[in-house]
Amino acid sequence: MRAGADVLQAFTFWSTDDRLSLSGPDAPGNETGKSITCKEMNDQACTIVKEVVGDGDTLVCGGLSNTPSYAQGKGRAAVQKEFSKQVDSFMEQDVDFLLAEFIGNVEEAEWAIEVLKGKGKPVACTLRIGPTGDDSGVPVGECAVRMAKAGADVVGLNCRFDANTCLKTIKMMKDALEKAGLSPYLMVQPNGYHSPETEQTKNGWTILPEFPFALGPRQMTRFEVHHFARAAFDLGVRYIGGCCGFEPHHIRAISEELSPERGGKLGDASKKHLPWGGALKTDQSEKDFINGKDTREYWESVKPALGRPGFPDVQEKLFRQ
């Protein structure tokens, strides 16, 4: 919130009753489903996020996850029951809107949207897909059209792929929606790690050899996030954020890049520095090592190095590929 976010999402990802009880006997957290329900967890998450927001103007989003019941082929009724249980506490807590996210199949997205639209709140829905379409091979454009026709007010993407790939994919969604005469808002929340070699896969970054514990060298700089935010906005996307790998300083970069379009709004964290290295400006000769690094032009020209001689720019072989 201090970084300048307009939306705070209740920390409820993966909170479904059918998932909480899935962990194997030797897995950390395997007792979770025995000690707490989805509704109890969501209630606590909403309480925390509303305490943070207080009397501010930040929106609170209730986030719903995809369900193991869908992957297990249990059918529409079982899947929608899980979505209904997820949303109960969000309605009691009166969140501002609902988001079904990280969904791999547009059919499950449609089932989720159907449940959420009956609650009287604005509904957003994002898929975890790249240019090759959903996990069942449904093309990107068709996915977007089907979500919009199901009633989603906001459609888009989150996770699995990096910013460049997500921008390409959201453009495919936009083109299909315009062709179909549909105009939901667009949303994009990419991963914060560069993974260009996974663009034509279904699983995205999860098949990188570095996933999940050695991804640090791939992380976007704050300046790259500035460019992503501007490109997304220019494309017509109005809900712009980040998924795995995005840190508060990345959210601050989005907030600062789009501050003029948001009436000059900035988060409290922007009081701590000057954008684009402006705080590095100095006339002190002993600080010559930072002289000249106080401009947008300088940081836009920098091409970050890996710093590890002999390491590849991209992986030639993906995990189990």
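Conventions used here
Residues numbered from 1 in each chain as written. Predicted model: local features only at pLDDT ≥ 70, side-chain atom pairs only at ≥ 80, totals over all residues. Heavy atoms only, no water. Buried < 20%, exposed > 50% of the residue type's maximum accessible area, 1.4 Å probe, protein only. Helix = DSSP H or I, 4+ residues; strand = E, 2+ residues; numbered from the N terminus. Pairing = 2+ DSSP bridges. Right-handed = clockwise from strand over helix to strand, strands pointing away. UniProt positions renumbered as here; feature names shortened; annotations may be inferred. 1 Å grid on protein atoms, 1.4 Å probe; cavity = no way out; pocket = protein on both sides within 12 Å on 5 of 7 lines; lining within 4 Å. Contact = heavy atoms within 4.5 Å. Salt bridge = Lys/Arg side-chain N within 4 Å of Asp/Glu carboxyl O.

Notes on the pairing of strand E3 (residues 97-103)
- The buried count for E3 comes to 7 of 7 residues, which makes it a mostly enclosed element.
- Looking at chain direction, strand E2 (residues 59-65) and E3 are connected through 5 bridges and run parallel. Its bridge partner lying in E3, glycine 63 is registered against leucine 99.
- Looking at chain direction, E3 and strand E4 (residues 123-127) are connected through 4 bridges and run parallel. From the neighbouring strand, alanine 100 faces E4, where its bridge partner is cysteine 125.
- This β-α-β element, E3 to helix H6 (residues 106-117) to E4, shows right-handed connectivity.

Focus: the UniProt feature "binding site: Zn(2+)" (unreviewed entry) in the protein
- Mapped onto the present numbering, the UniProt feature "binding site: Zn(2+)" (unreviewed entry) falls on Cys159, Cys243 and Cys244. These annotated residues cover 86 residues of sequence, and their C-alpha atoms all fall within 6.6 Å of one another, placing them together at a single site. Those annotated residues lining the largest pocket are, specifically, Cys159, Cys243 and Cys244.
- Among the structural elements, cysteine 159 can be located in the loop between strand E5 (154-158) and helix H8 (163-179).
- Owing to a relative accessible area of 4%, cysteine 159 belongs among the buried residues under this scheme.
- Not counting the four nearest positions on each side in its chain, cysteine 159 is found in contact with Phe102, Gln189, Pro190, Asn191, Trp205, Cys243 and Cys244.
- Mapped onto the secondary structure, cysteine 244 falls in the loop between strand E7 (239-240) and helix H10 (248-257).
- In this structure, cysteine 244 is in contact with Cys159, Asn191, Gly192, Tyr193 and Trp205, ignoring residues within four places of it in sequence.

Thoughts on the pattern of salt bridges
- Across all of its chains, the model carries 23 salt bridges by this definition.
- A salt bridge links arginine 230 to glutamate 257, with the nearest nitrogen and oxygen atoms 2.9 Å apart. Separated by 27 residues along the polypeptide, arginine 230 in helix H9 (residues 222-235) and glutamate 257 in helix H10 bring together distant segments of the chain.
- With relative accessibility at 8%, the residue glutamate 257 sits in the buried group.

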